[in-house]
Amino acid sequence: EDKVVQSPLSLVVHEGDTVTLNCSYEVTNFRSLLWYKQEKKAPTFLFMLTSSGIEKKSGRLSSILDKKELFSILNITATQTGDSAIYLCAVRRDDKIIFGKGTRLHILP
Amino acid sequence: NAGVMQNPRHLVRRRGQEARLRCSPMKGHSHVYWYRQLPEEGLKFMVYLQKENIIDESGMPKERFSAEFPKEGPSILRIQQVVRGDSAAYFCASSPDRGPETQYFGPGTRLLVL
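Source: prediction; values computed, not measured.

Within chain B one finds 0 helices and 11 strands. Going from the N terminus to the C terminus, chain B shows its helices and strands as β-β-β-β-β-β-β-β-β-β-β. For chain B, the spread of C-alpha atoms along the three principal axes comes to 35 × 25 × 25 Å. Here chain B, with 114 residues, has 47% of them falling under the buried criterion. Of the contacts formed within chain B by residues at least 6 apart in sequence, a portion of 54% connects residues at least 24 apart. Of the accessible surface of chain B, which amounts to about 5700 Å², a share of 48% is contributed by carbon and sulfur atoms. Charged side chains of chain B number 17 positive and 12 negative; the gap between the two group centres comes to 8 Å.

With that settled, consider the side chain of B:Asp56. Relative to the helices and strands, B:Asp56 resides in strand β6 (residues 53-56). Of the buried charged residues, B:Asp56 lacks a salt bridge, with A:Lys96 as the closest side chain of opposite charge at 4.2 Å. Within the local environment of B:Asp56, its side chain forms a polar contact with the side chain of B:Ser58, the two groups lying 2.6 Å apart.

Our next topic: the pattern of salt bridges. One pass over the structure, following the stated rule, counts 9 salt bridges over all chains. With a closest N to O distance of 2.8 Å, A:Arg60 and A:Asp83 form a salt bridge. Placement of the pair is A:Arg60 in the loop between β6 (56-58) and β7 (61-66) and A:Asp83 in the loop between β8 (71-76) and β9 (85-93), with a sequence separation of 23 residues. With a shortest N-O distance of 2.9 Å, B:Arg78 and B:Glu18 are connected by a salt bridge. Here B:Arg78 is found in strand β8 (residues 75-79), whereas its partner B:Glu18 is found in the loop between β2 (10-13) and β3 (19-24), with 60 residues between them in sequence. In this structure, a network of salt bridges that share partners links the residues A:Asp2, A:Arg93 and A:Asp94.

Ranked by size, the top nonpolar core spans 23 residues in total, and within it B:Trp34, B:Met46, B:Leu77 and B:Tyr90 carry the most contacts. Elements with a contribution of two residues or more to this core: β3, β4 (31-37), β5 (43-50), β7 (65-68), β8, β9 (88-95) and β11 (109-113) of chain B. In this structure, B:Leu77 is in contact with B:Ala19, B:Arg20, B:Leu21, B:Trp34, B:Met46, B:Met60, B:Ser66, B:Ala67 and B:Tyr90, ignoring residues within four places of it in sequence. The next biggest cluster of nonpolar side chains, apart from the first, holds 22 residues, and it includes A:Tyr25, A:Leu65, A:Ile98 and A:Leu105.

Turning our eyes to something else, we now look at the sheet that holds strand β3 (residues 19-26) of chain A. Residues and elements named next belong to chain A. Reading across the sheet, the 5 strands line up as β1-β3-β8-β7-β6 and stay open at both edges, with antiparallel pairing between neighbours. Each end of this open sheet is capped by a strand with a single partner; those strands are β1 (3-7) and β6. Put simply, the sheet's adjacent strands are angled 15° from each other on average, direction ignored. The sheet contact formed by β7 and β8 spans 6 bridges and is antiparallel. Counterpart to isoleucine 64 in the pairing with β8 is isoleucine 73.

What follows concerns the state of the cysteines. All names here are of chain A. Per the counting criterion, the structure on display carries 2 disulfides over all chains. A sulfur-sulfur separation of 1.9 Å characterises the disulfide bridge that pairs cysteine 23 with cysteine 89. Its S-S torsion of approximately -70° makes the covalent link between cysteine 23 and cysteine 89 left-handed. Taken as a pair, cysteine 23 in strand β3 and cysteine 89 in strand β9 lie far apart in primary sequence, 66 residues in all. Here cysteine 23 matches cysteine 89 in class, with each residue buried.

Calculation criteria
- Residues numbered from 1 in each chain as written.
- Chains lettered and ligands numbered in written order.
- Predicted model: local features only at pLDDT ≥ 70, side-chain atom pairs only at ≥ 80, totals over all residues.
- Heavy atoms only, no water.
- Helix = DSSP H or I, 4+ residues; strand = E, 2+ residues; numbered from the N terminus.
- Buried < 20%, exposed > 50% of the residue type's maximum accessible area, 1.4 Å probe, protein only.
- Contact = heavy atoms within 4.5 Å.
- Areas by Shrake-Rupley, 256 points an atom, 1.4 Å probe, with all protein chains shown as cover.
- Lys, Arg positive; Asp, Glu negative; His and termini not counted.
- Charge placed at Lys NZ, Arg CZ, Asp CG, Glu CD.
- Salt bridge = Lys/Arg side-chain N within 4 Å of Asp/Glu carboxyl O.
- Polar contact = N/O pair within 3.5 Å; in protein donor to acceptor, adjacent residues only side chain to side chain.
- Core = buried A, V, L, I, M, F, W, Y, C linked by side-chain atoms within 4.5 Å.
- Pairing = 2+ DSSP bridges.
- Axes fitted to C-alpha atoms, helices over the stretch in contact; angles between N-to-C directions.
- Disulfide = S-S within 2.5 Å.

The values are spatial; any link to function lies outside them.
In structure tokens:
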């Protein structure tokens, strides 16, 4: 059965800390891996990864994929209270996306 | 260009009633996906539709749930004879092409079954 597993499930850190969120997957017909940020409403897209070893960056966020070991990490440096959210990892299989349960990140001021 | 719109945003139903959730995709988008999110859970794929066609409904419960995306008008997710376990947030996403990576999410409909 296809699965996407995220860890940790929740994380509390202080502002300014660096965090690493993990995502491992077992999915047949893998097409891509995606990261989303979900605050109170709809998930918003962060990154799409298709190739191993190529880091994607956007400001203080970065992500990388390892297709051999079947995992990805999302790094957030110099965290701010506005980074508090649920971070969702998802994998595209065929025409649908399979989501992990998410990591609930809380940044303390 | 307005984003994906869902209505109602909140819906309260008693057990046994019907729930109808609507999703208007972004302009120019002809692909619609529905997801369900239970408390403390990630989003679970339910169904993928194109105009007038159901492409993949492998995530839909076998009974009581149906979805459509007519030629004109919004996509509808219909839940008949709702039960307490149907209480969840239902998200719709649309994309301009077959790749779900390009999907944009709506704000969701929060269904509460009393």
